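What the coordinates show
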Amino acid sequence: MELAYGPVPSRRLGQSLGINNVPPTTCTYACVYCQLGSTTNPETDRQAFFDPAEIESAIEDRLAALGPEETVDYVTFVPDGEPTLDANLGETIDRLQRFPVDVAVITNGSLLRLESVRADLARADWLSVKVDAADHEVWTQVDRPHGAVDFEAVRDGIVRFARDFEGTLTTETMLVAGVNDGAAVEPTAELVGEIAPDTAFVAVPTRPPDEEWVEPPDEAEVTRAYRTFSEYVDDVEYLIGAEGDTFASTGDPRTDLLGVTAVHPMRASQVSALLDREDADWSVVEDLLDAGELIELEYDAETFYVRPISPDRH
C-alpha cells in the first residue's frame, strides 16, 4: 500500500499529492456512489494505523521524486476510506506543515461529533465535508452509514466544527438520481447554508460507482439543485466534469499507475497521457490487467482503470 500517491489533478485543489492514511476501504460509510467499491472494513472507532513519521517520509520522498516541471498545490488526506478514523491524524498534519504546501482533508464528517476529531481537523488549511442529505432516511439511502453512526450527531458535529474552523471550509453534495435529488435538495441546501462554507460544491458521479444502478440526475435537475443551493450559500460551484490528464509521473509507469488507481480510477485518456509522459506504451497496462493488478470498468460510455481492492468490486 502506497502511503503517498500522485500528484493527481483535482477539480478543487489543482495538483494534489494524496495521502493514504487508513487501510483499504476502512470507512464509517458505504456510499452507493463510492468509486472504491464496497466498504470491506466498516468501522467507527479511531485507531493508529500508520506511524506519522512514515507518512511524513513518504511525502518527502514523493516530492523529491517529482521532475522540475511538476507542481504540488496541496498535500491531501484522501485515502481508501475515512481519514478521520486515523487516531494519528492531528500529529501527521502537524508534521506535514513543514512542507511549503497547504494541507487539505476530504472527510465525510461522520466523526466530527468527537472533540478529538474536531481538534485534529482544525490543524488543516483546507477541508471538504460531505453533506449528501438533511434527514435520516435520505442519508441512510445514499451514504449507508455504519449502524453506530447517528445522523443528528453527524449534523450537529459538522455545524459545530464549522463555527470555529479558521481555514477554508467547503462542502460537497453528491447527487444521485432518484435518491437525494428533487424534493430532497432544498433541505440539504438549507443545512449547507447553516454550515456556511466558503464554497458549496454540487457534484454528480463521474467515476464507476459501487452500485451499478447509480446514475447522475439529468442536466435540468442538476441546474435546479445549483439554483437552490445558491439561495442559501454565496459561493456555489459545480463538480461535474473530468479532472484532466495532468497526473504526475516519477519515471516508473507501473508504480505510478498502481499508486493512483488504488484510490483514484483513471480514464483511458488519462492513462494514455501518463504513459506518453513516461515514454511507455500500452503494454504496461496489458501486463497489469493480465496479472490481475488492474481491472477495466465501463461507466457512462467511458473506460476506467482501477486497482482492485475488494473481491466484490464489479
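Residues numbered from 1 in each chain as written. Predicted model: local features only at pLDDT ≥ 70, side-chain atom pairs only at ≥ 80, totals over all residues. Heavy atoms only, no water.

Per an unreviewed UniProt entry, the protein goes by Radical SAM protein and derives from Halodesulfurarchaeum formicicum.

With that settled, the discussion passes to the pattern of salt bridges. One pass over the structure, following the stated rule, counts 14 salt bridges. Between Asp 132 and Lys 130 there is a salt bridge; the shortest N-O distance is 3.7 Å. Residue Asp 132 is classed as buried on the basis of its relative accessible area, which comes to 2%. We classify Lys 130 as buried; its relative accessible area is 17%. In this structure, Glu 211 and Arg 144 form a salt bridge, with 2.8 Å as the shortest nitrogen-oxygen distance. You can see Glu 211 sitting in the loop between strand S9 (199-203) and helix H7 (219-230) and its partner Arg 144 sitting in the loop between helix H4 (136-143) and helix H5 (151-164), a full 67 residues away along the chain. Note on Glu 211: relative accessible area 23%, which makes it partly exposed. Connected through shared salt-bridge partners, Glu 56, Glu 60, Glu 91, Arg 95 and Arg 98 make up one network. (Salt bridge = Lys/Arg side-chain N within 4 Å of Asp/Glu carboxyl O. Buried < 20%, exposed > 50% of the residue type's maximum accessible area, 1.4 Å probe, protein only. Helix = DSSP H or I, 4+ residues; strand = E, 2+ residues; numbered from the N terminus.)

All right, on to the pairing of strand S10 (residues 236-239) then. Within a regular strand, side chains alternate between the sheet's two faces. Sheet analysis places S9 next to S10, joined by four bridges and oriented parallel. Bridged to Val 202 within S10 is Tyr 238. As a crossover connection, the stretch from S9 through H7 into S10 is right-handed. (Pairing = 2+ DSSP bridges. Right-handed = clockwise from strand over helix to strand, strands pointing away.)

This paragraph deals with the domain arrangement of the protein. You can read the domains of the protein as domain 1 (4-239) and domain 2 (253-306). The straight-line distance from the C-alpha centre of domain 1 to that of domain 2 is 24 Å. If you look at the interface, domain 1 gives 19 residues, while domain 2 gives eleven residues. By the criterion of area lost to domain 2, the three top residues of domain 1 are Tyr 5, Arg 207 and Pro 208, representing 39% of everything that side buries. Linking domain 1 with domain 2 are zero salt bridges, by the criterion used here. At the junction of domain 1 and domain 2, the tally comes to zero residue pairs in polar contact (both at pLDDT 80 or more). Here the side of domain 1 that touches domain 2 takes four residues from strand S1 (residues 4-10), the largest share from any one element. (Domains from an automatic or database assignment. Contact = heavy atoms within 4.5 Å. Buried area = accessible area lost by both parts, 1.4 Å probe. Polar contact = N/O pair within 3.5 Å; in protein donor to acceptor, adjacent residues only side chain to side chain.)

In this section: the environment of Asp 218. Examined against the element boundaries, Asp 218 turns out to sit in the loop between S9 and H7. A polar contact is formed between the side chain of Asp 218 and the backbone nitrogen of Glu 221, at a distance of 2.8 Å.

For the coordinates displayed, the defined rule picks out two cavities of 30 Å³ or more. Size it by volume and the largest cavity reaches roughly 920 Å³. What lines the largest cavity is a set of 43 residues, among which Arg 12, Gln 35, Val 78, Ile 106 and Arg 207 lie closest to the centre. When residues in the lining of the largest cavity are grouped by element, the largest group, four residues, is from S1. (1 Å grid on protein atoms, 1.4 Å probe; cavity = no way out; pocket = protein on both sides within 12 Å on 5 of 7 lines; lining within 4 Å. Points joined across faces, edges and corners; volume = space filled by probe spheres on them.)

A word on helix H2 (residues 89-96). Three or more residues of H2 are buried, namely Leu 89, Gly 90, Thr 92, Ile 93 and Leu 96. Projected onto a plane normal to the axis of H2, the buried residues spread over an arc of 165° and lie on a single side. Packing partners of the buried residues in H2 comprise strand S2 (14-19), helix H1 (52-65), strand S5 (74-77), strand S6 (102-107) and helix H3 (115-121). (Arc of directions from axis to C-beta.)

Let us now look at the packing of aromatic side chains. All told, the structure shown has five aromatic pairs when counted by the stated rule. Geometrically, the ring pair formed by Tyr 29 and Trp 139 is edge-to-face, given 6.0 Å between the ring centres and 75° between the ring planes. You can see Tyr 29 sitting in the loop between strand S3 (26-27) and strand S4 (41-42) and its partner Trp 139 sitting in helix H4, a full 110 residues away along the chain. Taken as a pair, Tyr 29 and Trp 139 share a single burial class, namely buried. Three or more aromatic residues joined by ring pairs make a cluster, and in this case those are Tyr 29, Trp 139 and Phe 151. Its guanidinium or amino end placed over the ring of Phe 201, Arg 12 lies 5.9 Å from that ring's centre, counting from NZ or CZ. (Phe/Tyr/Trp six-rings, centres within 6.5 Å; stacked < 30°, edge-to-face > 60°. Lys NZ or Arg CZ within 6 Å of the ring centre and 35° of its normal.)

Ordered in space as S1-S2-S5-S6-S7-S8-S9-S10, the eight strands form an open sheet in which the pairing is mixed. Whereas interior strands pair on both sides, the edge strands pair on one side only; in this sheet they are S1 and S10. Sheet twist, expressed as the average angle between the axes of neighbouring strands with direction ignored, equals 25°. (Axes fitted to C-alpha atoms, helices over the stretch in contact; angles between N-to-C directions.)

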